[in-house]
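One-letter residues, chain by chain:
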Protein chains: 2
Amino acid sequence: MNYTALFEQIKKKKSFLCVGLDSDIAKIPAHLQQVADPVFEFNKAVIDATAGVTIAYKPNIAFYESRGVEGWQSLEKTVTYIRQQYPEIFLIADAKRGDIGNTSQMYAKAFLETLNFDAITVAPYMGEDSVTPFLQYPEKWVILLALTSNKGAFDFQFREDKGVKLYEAVLRKSQEWGDKQNMMYVVGATKAEMLGGIRDIVPDHFLLVPGVGAQGGSLQEVAKYGMNSHCGLIVNSSRGIIFADKTEQFAVRAGEEARKLQGEMEILLKEKGIL
Amino acid sequence: MNYTALFEQIKKKKSFLCVGLDSDIAKIPAHLQQVADPVFEFNKAVIDATAGVTIAYKPNIAFYESRGVEGWQSLEKTVTYIRQQYPEIFLIADAKRGDIGNTSQMYAKAFLETLNFDAITVAPYMGEDSVTPFLQYPEKWVILLALTSNKGAFDFQFREDKGVKLYEAVLRKSQEWGDKQNMMYVVGATKAEMLGGIRDIVPDHFLLVPGVGAQGGSLQEVAKYGMNSHCGLIVNSSRGIIFADKTEQFAVRAGEEARKLQGEMEILLKEKGIL
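Residues numbered from 1 in each chain as written. Chains lettered and ligands numbered in written order. Predicted model: local features only at pLDDT ≥ 70, side-chain atom pairs only at ≥ 80, totals over all residues. Heavy atoms only, no water.

Caption draft 1: Highlighting the UniProt feature "active site" (unreviewed entry) in chain A. Mapped onto this numbering, the UniProt entry annotates "active site" (unreviewed entry) at A:Lys96. Its location among the elements puts A:Lys96 in strand β3 (residues 90–97). Classification of A:Lys96 as buried rests on a relative accessible area of 7%. For A:Lys96, the residues in contact, after removing those within four places along its chain, are A:Asn60, A:Thr121, A:Val122, A:Ala123, A:Leu145, B:Lys96, B:Gly98, B:Asp99 and B:Met126. (UniProt positions renumbered as here; feature names shortened; annotations may be inferred. Helix = DSSP H or I, 4+ residues; strand = E, 2+ residues; numbered from the N terminus. Buried < 20%, exposed > 50% of the residue type's maximum accessible area, 1.4 Å probe, protein only. Contact = heavy atoms within 4.5 Å.)

Structure follows, in structure tokens:
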């Protein structure tokens, strides 16, 4: 999917919501535990309940990989289901991969070809040749970790060399590898006040913003500092939507939570003059 | 496996060789392409030919993941085979994972529990809570990326804050999270001259050293600057062993290449007074 198509979808759905399919099998409602593939059935119900107000789904690969071959099958089925039923939706593999060049090529193949995701999150620690293999696929995206939402972000990401913090160096240096048409950045909602400085470096790029909801980030703050004239934001919520309820009503409640966020997003898009 | 058992194996086999099972299906000999699981059969033959002189195997997960469910099955079979036939061998998942705490827990489960690896490589960019979940398993190990062997290592790993380079900060800071009994570091052989400075920070830890052979690093240089009184080195070779020959003789040649390296390692261990 290209930049224009993504922006069109945001305007059409009046939303910049990404639903994180962090579908931990241990947290799935009891009544689903007896079916053949509980994780897929859970995802399917959540997807059907939220697709109307969602522009992107983001399975975090760890929750699938932890179950070995079975988990990988649940992931494949989930991707295929979304592709068939909701082909307009942007699909992000939250994999945080990154290895030497010939190995990153293999990860690119795994997620952008075998599984046909639109985008993959990538860790920048190993530099250029660990990132560029993912940029060889037309209309596919790298979403590079810049400033993450967790506490450990403070261990290394804020280290300064000649006044430039590591996450700022990642934003700057990676401009040499890709552009706003094939690269986005992860910026945690828990550090929304830093979005202003980030927008000075990458005014036009999309930012994938996790941490709204369960992790405590504020949607209004994120929009205030991070929204640009093409929205430029994909805000993710995972647990706050998919595990809002753990009874047979889980999908109904997931839909409600997603629509609540979409409603807030519609107001913010209008305030910005995008709608 | 604990520190002592690993050192005992090094002395017994007179080797600190790790064979990287980067088993790219496109590079596997033609005569194996017709069997049910070419990658597993290839691995099995390489393992049988090299296990006598090898202390560790390190499948790079990308080469398996790129084939989806089938690749994951090849990986599971490979791990099971090594566990059954060569239970003394140290098993490293070269996965370079790392995510927020609850997600890293899932990756830890995937590799240290579901697949029962002894160790997993982890990327440090996201800091403490992305690393510590892997340290909760007794006698299992985190192998943290410090100074990698690729060209892109120069993009961020050498950035200096108050005279301390990023990879040095990773070595220092991570001392607060684990110790020589559960943490190792990746240090590329292509930067062997920096091993002296690294040993000043982590004198007793094991270092996993990729980059000997195909990537151009020298075993003698690595031993000169990096070996300590408990060896403290696990030196990996991947392509130089497993793809030394692409005919029906591939396993025989893999064994020869592994024994050649083991012979050089035996001399180095004797020079150090370890044997």
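Caption draft 2: Region of the structure containing the pairing of strand β1 (residues 17–21) of chain A. All names here are of chain A. The element β1 is largely enclosed, with a buried count of five among its five residues. Here β1 shows no split at all, with Leu-17, Val-19 and Leu-21 on one side and Cys-18 and Gly-20 on the other all buried. Taken together, the three bridges between β1 and strand β10 (residues 233–237) define a ladder with parallel strand orientation. Residue Leu-17 lies in a different strand from β10, and its bridge partner there is Val-235. As judged from the four bridges shared by β1 and strand β2 (residues 56–59), these two strands associate in the parallel manner. Pairing of Leu-21 across the sheet is with Pro-59, part of β2. (Pairing = 2+ DSSP bridges.)

Caption draft 3: Inspection of the packing of aromatic side chains at higher detail. Residues and elements named next belong to chain A. Throughout the structure, instances matching the rule amount to 23 aromatic pairs over all chains. Measuring from ring centre to ring centre gives 5.1 Å for Phe-42 and Phe-250, while their planes differ by 15°; the resulting arrangement is stacked. Of this pair, Phe-42 sits in helix α2 (residues 38–50) while Phe-250 sits in helix α12 (residues 250–271), and the two are 208 residues apart along the sequence. By relative accessible area, Phe-42 is classed as buried at 0%. On the accessibility criterion, Phe-250 (4% relative accessible area) is buried. A centroid spacing of 5.0 Å and a plane angle of 15° characterise the contact between Phe-154 and Phe-158, whose relative ring orientation is stacked. The aromatic ring of Phe-243 is capped on one face by Lys-246, whose charged end is 5.9 Å from the ring centroid. (Phe/Tyr/Trp six-rings, centres within 6.5 Å; stacked < 30°, edge-to-face > 60°. Lys NZ or Arg CZ within 6 Å of the ring centre and 35° of its normal.)

Caption draft 4: Structural view of the sheet that holds strand β2 (residues 56–58) of chain B. Residue and element names in this part refer to chain B. If you walk around this closed barrel you meet the eight strands as β1-β2-β3-β4-β5-β8-β9-β10, and the pairing is parallel. The sheet shows a mean angle of 30° between the axes of neighbouring strands, taken without regard to direction. Of the pairings in the sheet, the one linking strand β4 (residues 119–122) to strand β5 (residues 141–147) comprises four bridges and is parallel in character. Counted as the bridge partner of Thr-121 is Ile-143 from β5. Packing of helix α5 (residues 101–114) onto the sheet brings it into contact with β3 (90–97) and β4, and relative to β3 it is tilted by some 155°. Those strands touched by helix α10 (residues 219–226) are β9 (207–209) and β10 (233–237), and its axis lies near 165° from that of β10. (Axes fitted to C-alpha atoms, helices over the stretch in contact; angles between N-to-C directions.)

Caption draft 5: Up close: the interface of chain A and chain B. Taken together, the contact between chain A and chain B spans 58 residues of the former and 58 residues of the latter. On the chain A side of the interface with chain B, the three residues burying the most area are A:Tyr125, A:Phe156 and A:Arg159, jointly 18% of the side's total. Run the count over chain A and chain B and you get six salt bridges. The salt bridge partner of A:Lys173 is B:Asp155, with a shortest N-O separation of 3.8 Å. (Buried area = accessible area lost by both parts, 1.4 Å probe. Salt bridge = Lys/Arg side-chain N within 4 Å of Asp/Glu carboxyl O.)

Caption draft 6: Layout of unusual backbone geometry. All names here are of chain A. Backbone geometry places Lys-14, a non-glycine residue, at a positive phi of 55°. In this fold, Lys-14 is placed in the loop between α1 (3–13) and β1. Positive phi values are uncommon outside glycine, yet Lys-162 reaches one of about 50°. Tracing the backbone through its elements, the reader meets Lys-162 in the loop between β6 (160–161) and β7 (164–165). You can call Lys-162 exposed: its relative accessible area is 77%.

Caption draft 7: Just the relation of the copies chain A and chain B, in detail. Its rotation angle being 180°, the transformation that places chain A on chain B also includes 0.0 Å of axial translation and leaves an RMSD of 0.0 Å. Put plainly, the chains are arranged around a two-fold axis. Distance from the rotation axis, computed per C-alpha, reaches its smallest value in chain A at A:Asp161: 2.6 Å. A high fraction, 100%, of the interface residues of chain A reappear at the interface in chain B, so the copies pair face to face through one surface. (Least-squares fit on C-alpha atoms with pLDDT ≥ 70 in both.)

Caption draft 8: A look at the sheet that holds strand β5 (residues 141–147) of chain A. Residue and element names in this part refer to chain A. Taken together, eight strands build a closed barrel; the order of strands is β1-β2-β3-β4-β5-β8-β9-β10 and the barrel is parallel. Adjacent strand axes in the sheet meet at a mean angle of 30° when their direction is disregarded. Relative to strand β9 (residues 207–209), strand β8 (residues 183–187) runs parallel, the two being bridged by two bridges. Counterpart to Tyr-185 in the pairing with β9 is Leu-207. Packed onto the sheet, α2 meets β1 and β2 and runs at close to 170° relative to β1. Helix α10 (residues 219–226) rests against β9 and β10 of the sheet, and its axis sits at about 165° to β10.

Caption draft 9: Structural detail: the environment of A:Lys162. Separated by 132 residues in sequence, A:Lys162 and A:Ala30 place their C-alpha atoms 54 Å apart. Among the polar contacts made by the side chain of A:Lys162, one reaches the side chain of A:Asp161 at a distance of 3.5 Å. (Polar contact = N/O pair within 3.5 Å; in protein donor to acceptor, adjacent residues only side chain to side chain.)

Caption draft 10: Summary view of the side chain of B:Thr78. Residue and element names in this part refer to chain B. Mapping Thr-78 onto the fold places it in helix α4 (residues 68–85). With a relative accessible area of 1%, Thr-78 lands in the buried category. What Thr-78 contacts, discounting residues up to four positions off in sequence, is Leu-21, Phe-40, Asn-43 and Ile-47.

Caption draft 11: Representation of the pattern of salt bridges in the model. Going through the model one piece at a time under the given rule, you end up with 35 salt bridges over all chains. The partner of A:Lys162 in a salt bridge is A:Asp161, with the nearest N and O atoms 3.5 Å apart. Residue class for A:Asp161 comes out buried when judged on its relative accessible area of 16%. Three or more residues joined by partner-sharing salt bridges are found here, namely A:Lys58, A:Asp94, A:Lys96 and B:Asp99.

Caption draft 12: Representation of the packing of α2(A) against α12(A) within the structure. Residue and element names in this part refer to chain A. α12 packs onto α2 with a crossing angle of 40° between their chain directions and a minimal axis gap of 8 Å. By the criterion of interaxial angle, the relationship of α2 to α12 is oblique. Crossing hand, α2 versus α12: right-handed. From α2, Phe-42, Ala-45, Val-46, Ala-49 and Thr-50 reach across to α12, where they touch Phe-250, Ala-251, Ala-254, Gly-255, Ala-258 and Arg-259. (Parallel < 35°, antiparallel > 145°, perpendicular 65-115°, else oblique. Left-handed = near helix turned anticlockwise from the far one by under 90°.)

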